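Structural features, examined
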Amino acid sequence: MPQPFHSPVLALKVDVCTHTGLRDGVPALMRLFDELGIRASFFVAMGPDHSGRAIRRVFRRGFLTKMWRTGAASTYGWRTMLYGTLLPGPQVARAFPETLRGLVRAGHEVGMHGYDHVYWQDQLPVLSEAAIAAELVRAHQAFTEILGAAPHAFGAPGWQCTAASFAGEDAAALRYHSDTRGTAPYFPEMNGRRFGTMDIPTTWPTLDEVYGRVGTRAAEITAYYRGQLRPQLNVHTVHAEMEGVRQLPLLRDLLTAVRGEVRIVRLIDVVPHLEAVPVARVVPGSIAGRAGTVARQEPVRD
Ligand SMILES: [Zn+2]
């Protein structure tokens, strides 16, 4: 019988979107989590780093504002911003297989964060089911090659989802995915289709959405997130490129402050506690501090 949560829980998701995020951010986060006795879920881009191609987003409203507010150039580095354009894109997961194996040995969970992150994030709405299935197969192959076991979790790059991507994930036989923004785990319904793989949505705003809006100092950021804490399940996504590098002190402050109040777990640890998971529609929605739209769990109406 599933046991519902009796006290607040914080599931910690680390998105690893880039080559430098895995090289520099992940080892630093592993040291922090080791020190604090935390196990987290790392979602790693399994293919090439084409971050430079994200420059196309410059034409989207709100993109430049976010870049300046969060200091994106110094967070990602100029090299990363040229990958896939003037410089060839290096591999992410395949460049650091030992780091991925080290994550598993340390008791962390590893999932797929797409294959070509930028391609998924920017092109998904125009991709066919076959093209999406091919990305999932490539990601699955890289994961299995590196870790010697099949993946059981996927986190959609940029929180971008379509009915075709949910169908592709269903075919990948996952335990769950963490693709959307929302309030509580659910089975997605999109364009009148229902899907069989549960989504565990991110419930908190990400640091790049709030940094510079609620403050920039650790005390301000930590106070803001403590105000977000709800009973039962909270899901926080951090970025290896951001909280693993320049903003590590902010994450340290936050985790140190909340770890006495909540149990910090991996996303997979949430699954056995869930019962009667509802169906919810997924709709595109905008998020304060973020350019473009993301896939959002539609709030329950009754
Ligand atoms: Zn990402």
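Look up a bit, the structure's there.
Now for a look at the structure at hand. (Residues numbered from 1 in each chain as written. Predicted model: local features only at pLDDT ≥ 70, side-chain atom pairs only at ≥ 80, totals over all residues. Heavy atoms only, no water.)

1. Structural notes on empty space enclosed by the protein
Any space left empty among the atoms is revealed by the rolling of a water-sized probe across them. Applying the stated criterion across every chain, the model contains 1 cavity of 30 Å³ or more. The space that makes up the largest cavity amounts to roughly 50 Å³. Of all the secondary structure elements, the ones that give two or more residues to the lining of the largest cavity are helix 9 (218–228), strand 8 (233–239) and helix 11 (248–258). Per-element tally for the lining of the largest cavity: the top contributor is helix 11, with 3 residues. Of the residues in the lining of the largest cavity, the class split is 7 nonpolar, 1 polar and 1 charged. (1 Å grid on protein atoms, 1.4 Å probe; cavity = no way out; pocket = protein on both sides within 12 Å on 5 of 7 lines; lining within 4 Å. Points joined across faces, edges and corners; volume = space filled by probe spheres on them. Helix = DSSP H or I, 4+ residues; strand = E, 2+ residues; numbered from the N terminus. Nonpolar A, V, L, I, M, F, W, Y, C, P; charged D, E, K, R; others polar.)

2. Quick notes on the coordination of the zinc ion
Within the protein, the atoms that donate to the zinc ion are C17 (SG), H113 (NE2) and H117 (NE2), at distances of 2.1 to 2.3 Å. Read N to C, the donor residues that coordinate the zinc ion are spaced as C-x95-H-x3-H. Highlighted residues: C17 in the loop between strand 1 (9–16) and helix 1 (19–36) and H117 in helix 5 (residues 117–123), separated in sequence by 100 residues. Exposure remark for C17: the relative accessible area of 12% places this residue in the buried category. Assessed through its relative accessible area of 8%, H117 is described here as buried. (Donors = N, O, S within 2.8 Å, 3.2 Å for Na, K, Ca; no water. Buried < 20%, exposed > 50% of the residue type's maximum accessible area, 1.4 Å probe, protein only.)

3. Let's talk about the layout of surface pockets
There is about 730 Å³ of room inside the second largest pocket. Residue assignment for the lining of the second largest pocket shows that the elements contributing at least two residues are helix 8 (207–210), helix 9, strand 8 and strand 11 (294–297).

4. Re the side chain of R181
Checked against the element boundaries, R181 lands in the loop between strand 5 (176–177) and strand 6 (187–190). Polar side-chain contacts of R181 include one of 2.8 Å to the side chain of E209. (Polar contact = N/O pair within 3.5 Å; in protein donor to acceptor, adjacent residues only side chain to side chain.)

5. Topic: the pattern of salt bridges
Per the stated rule, a full pass over the model turns up 16 salt bridges. For R23, the salt bridge identified is with D24, shortest N-O distance 2.8 Å. Residue classification places R23 among the partly exposed residues on the basis of a relative accessible area of 41%. With relative accessibility at 35%, the residue D24 sits in the partly exposed group. Close ionic contact of E135 with R138 constitutes a salt bridge, the shortest N to O distance being 2.9 Å. Of the two residues, E135 and R138 both sit in helix 6 (residues 129–147), 3 residues apart, roughly one turn of that helix. Residue E135 is classed as buried on the basis of its relative accessible area of 3%. When its relative accessible area of 34% is taken as the criterion, R138 is described as partly exposed. One connected set of salt bridges, linked through shared partners, spans R181, D208, E209 and R290. (Salt bridge = Lys/Arg side-chain N within 4 Å of Asp/Glu carboxyl O.)

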